[in-house]
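# Remarks on the overall topology
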Amino acid sequence: MKKLGQIMMAVSGEQAMAGEKMLRMPSCLLKPTRVMLSHKPWALFILIFVFVSFAYHKLYWGIWEDPKSRGPLYGSSAEISCAHYVPSSLNIAGGPSPSTGSVFFVETSEQTTPSYLFSCSVESAARAHPASRVVVLMKGLAKENASLPRHWAFSLLSCFPNVEIQPLDLTDLFSGTPLAQWYLQPQRQQEPHFLPVLSDACRIVLMWKFGGIYLDTDFIVLKNLQNLTDALGIQDDVELNGAFLSFKPKHKFMELCMQDFVQNYNGWVWGHQGPKLLTRVFKKWCSIQTIKSMSCKGVSALAPEVVYPIPWQDWKKLFEPVSALELRKLLKNTYAVHVWNKLSHGTKLEIPSQALLAQLYSQFCPATYTKMKQDSEELSRGAV
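Residues numbered from 1 in each chain as written. Predicted model: local features only at pLDDT ≥ 70, side-chain atom pairs only at ≥ 80, totals over all residues. Heavy atoms only, no water.

### Concerning the overall build of the protein
Rule in force here: Secondary structure elements are defined from DSSP: runs of H or I of at least 4 residues count as helices, runs of E of at least 2 residues count as strands, and each element is numbered from the N terminus. In what follows, a contact means two residues having at least one pair of non-hydrogen atoms within 4.5 Å. The protein chains shown are the only cover counted for residues, whose accessible areas, like all others here, come from Shrake-Rupley with a 1.4 Å probe.
A tally of helices and strands in the protein yields 16 helices and 10 strands. In the protein, 78% of the contacts between residues at least 6 apart in sequence involve partners at least 24 apart. Within the structure as shown, the protein displays about 20500 Å² of accessible surface, and the carbon and sulfur contribution to it stands at 58%.

Put into structure tokens, the structure is as follows:
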């Protein structure tokens, strides 16, 4: 943040100097000006014309100058005071331990303006896993630019030393896996569910290559997930879900998932490469016909309350008020809460309120919650 402030001061100084130079008449015009004023009255008109032309020229090229030549510009709206949003008492100063697995988030669209929920997901994971790297991979980030886009969420998340936000290089990620050739086929991008399918592909490859924990960006993490190894969650009576995955690298189960992804590929059916794929592979892995909470051959299917305590059919409960007692009871055996953003994203959340989701924000991603409250108050004042 100190470096960011220095960049801003340098840019402001350059802009002030540019403005001063634009308004100052160059010395090469001073002598002709004196000559013209001493001879002809109409010379004043010529002088004004030359000066205006000069000023216009400087202003025009100042506006259309290539922004890259001036370096990154940051406004105060993107500034976050870490001391205000993330108290120093947070025990993460030591940074992540290399011995613990990473927590991965993936954004496969070109989106670079994270939502409150996105920020909350990463923040809650960072707080719950202070000894782990929390890696956010975003396709929209330019690989050649080391600077993050101007946005409050990037500034806020940079307050956490264990959070890393990096470009997502899909060709590199899929290299050396059965999905490499699949990704290089251009017709894939014309399929109706390409972005969700791409996300499904990324998570299983990440788990196979690197291991660790994968989470969708619509999770709120309540507890450390590191002891849930070689596991995935049951979302309902018939299917598993891949919004949470936890596996050791090069695990045979993830290898089978990659093979099934290619062999039984169908990008035109929603979920075929995601929940349905994981369900198919798990049934074969355990030689079962129906999904149930169990562990076989070292892979666990976790009961719904562990990471999917609110069924997708009941997503509206997230916006209903609950008492503190009800909340504790609901989340007694829960490690993380999936918010089902595909269904819930258009619903307004009152901040502050006793809604379940608002209370989760308040307790598990307090920095993001503080920003939400601040924005809500500013919006209310502006509406008056």
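### A short note on the packing of helix α5 (residues 116–128) against helix α16 (residues 366–383)
In a pair of packed helices, the angle between the axes and the distance between the axes together describe the arrangement. Formally: Each axis is a line fitted through C-alpha atoms, and for a helix only the stretch in contact is used; angles between axes span 0 to 180 degrees, taken between their N-to-C directions. Any angle between 65 and 115 degrees counts as roughly perpendicular, while under 35 counts as roughly parallel, over 145 as roughly antiparallel, and the rest as oblique. Residues are sorted three ways: Asp, Glu, Lys and Arg are charged, Ala, Val, Leu, Ile, Met, Phe, Trp, Tyr, Cys and Pro are nonpolar, and all the rest, Gly among them, are polar.
The N-to-C vectors of α5 and α16 enclose an angle of 150°; their axes lie 8 Å apart at closest approach. Taken together, the axes of α5 and α16 lie roughly antiparallel to each other. Touching Y116, S119, C120, E123 and R127 of α5 are P366, A367, T368, K371, M372 and D375, all from α16. Partitioned by chemical class, the residues of the contact of α5 with α16 number five nonpolar, two polar and four charged.

### Some thoughts on the state of the cysteines
Our working rule: A pair of sulfur atoms, both from cysteines and within 2.5 Å, is called a disulfide here. To sort residues, take the accessible area from a 1.4 Å probe on protein chains only and compare it with the maximum for the residue type: under 20% means buried, over 50% means exposed, and anything in between is partly exposed.
A full pass over the atoms with the stated rule returns three disulfides. Each disulfide pairs two cysteine sulfurs, and for C286 the partner residue is C296, the sulfurs being separated by 1.6 Å. Taking the torsion about the sulfur-sulfur bond, which here is approximately -55°, the covalent link between C286 and C296 counts as left-handed. Linking C286 in helix α11 (residues 275–286) with C296 in strand β8 (residues 294–296), this pair joins segments that are 10 residues apart in sequence. Classification of C286 by relative accessible area gives buried; the value is 13%. Taking relative accessible area as the criterion, C296 reaches 13% and is therefore assigned buried. Along the protein, the cysteines that take part in disulfide bonds pair up as 1-3, 2-6, 4-5, counted in sequence order.

### Looking at the nonpolar core
In plain terms, the rule: Take the buried Ala, Val, Leu, Ile, Met, Phe, Trp, Tyr and Cys residues and link them wherever side-chain atoms come within 4.5 Å; each set so joined is a nonpolar core.
Counting 65 residues, the largest nonpolar core has L215, I220, F244, L349, L360 and Y361 as its most contacted members. With seven residues, the top contributor of residues to this core is α5. Setting aside residues no more than four positions away along its own chain, L349 makes contact with F319, A355, L357, A358, Y361 and M372. If you look at the next biggest cluster of nonpolar residues, it comprises 44 residues, including F104, L179, F253 and C286.

### Digging into the packing of helix α9 (residues 194–209) against helix α10 (residues 252–263)
Our working rule: Crossing handedness follows the turn of the near helix against the far one: under a right angle anticlockwise gives a left-handed crossing, and clockwise gives a right-handed one.
Where α9 contacts α10, the two axes come as close as 9 Å, and the packing angle between them is 150°. What the angle tells us is that α9 and α10 run roughly antiparallel. Note on packing geometry: the crossing formed by α9 with α10 is left-handed. Residues V197, D200, A201, I204, V205, M207 and W208 of α9 pack against M254, E255, C257, M258 and F261 of α10. Looking at the contact of α9 with α10, its residues break down into 10 nonpolar, no polar and two charged.

### Concerning the pattern of salt bridges
Put simply, the test is: Only one rule defines a salt bridge in this text: a Lys or Arg side-chain nitrogen within 4 Å of an Asp or Glu carboxyl oxygen.
Throughout the structure, instances matching the rule amount to 11 salt bridges. Note that R188 and E191 form a salt bridge whose closest N and O atoms lie 3.2 Å from each other. Owing to a relative accessible area of 7%, E191 belongs among the buried residues under this scheme. Close ionic contact of E255 with K252 constitutes a salt bridge, the shortest N to O distance being 3.7 Å. Of this pair, E255 and K252 both sit in helix α10, three residues apart, which is roughly one turn of that helix. Take E255: its relative accessible area is 25%, and that puts it in the partly exposed class.

### Points about the layout of surface pockets
Selection criterion: For cavity detection a 1 Å grid was placed over the protein atoms alone, and a set of points counts as a cavity when a 1.4 Å probe fits there but cannot get out; an open set counts as a pocket when protein lies on both sides within 12 Å along at least five of seven lines, with lining residues being those that have an atom within 4 Å of a point. Grid points are joined across faces, edges and corners, and a volume is the space filled by probe spheres set on the points.
Reported here for the largest pocket is a volume of approximately 1200 Å³. In this structure, the largest pocket is lined by 42 residues; those nearest its centre are P196, D216, D218, W270 and K342. For the lining of the largest pocket, the secondary-structure elements that each account for two or more residues are β1 (103–107), α5, α9, β7 (240–247), α11 and α14 (341–344). Of all the elements, α9 adds the most residues to the lining of the largest pocket, at six residues.

### Details of the sheet that holds strand β9 (residues 299–302)
Sheet strands pair via backbone hydrogen bonds, and the direction of the pair is either parallel or antiparallel. Formally: Think of it this way: DSSP has to see at least two bridges between two strands before they count as a pair.
Ordered in space as β3-β2-β1-β4-β7-β6-β9-β8, the eight strands form an open sheet in which the pairing is mixed. The sheet terminates laterally at β3 (163–167) and β8, the two strands that pair on one side only. Taking each pair of neighbouring strands and ignoring which way they run, the sheet shows an average axis angle of 20°. Summarising the sheet, strand β6 (residues 231–234) and β7 pair through four bridges and their orientation is antiparallel. The residue bridging L232 from the neighbouring strand is L245, located in β7. Sheet strands in contact with α5 are β1, β2 (134–138) and β3, and its direction is about 155° off that of β2. Strands in contact with α11 are β6, β7, β8 and β9; relative to β7, the strand with the most contacts, it is inclined by about 65°.

### What to know about the confidence of the model for the protein
Convention followed: In predicted models, pLDDT denotes the confidence assigned by the predictor to each residue on a 0 to 100 scale.
Taken over all residues, the pLDDT of the protein has a mean of 82, while the share at 70 or more is 76%. Long-range and interchain partners of residues 49–77, a stretch whose pLDDT sits below 50, account for 27 contacts in this model, where long-range means more than four residues apart.

### Details of the environment of L117
As for its placement among the helices and strands, L117 is situated in helix α5. It is 9.2 Å that separates the C-alpha atoms of L117 and H345, two residues lying 228 residues apart in sequence. Those residues in contact with L117 that lie beyond four places of it in its chain are T217, D218, I220, V339, N341 and Y361.

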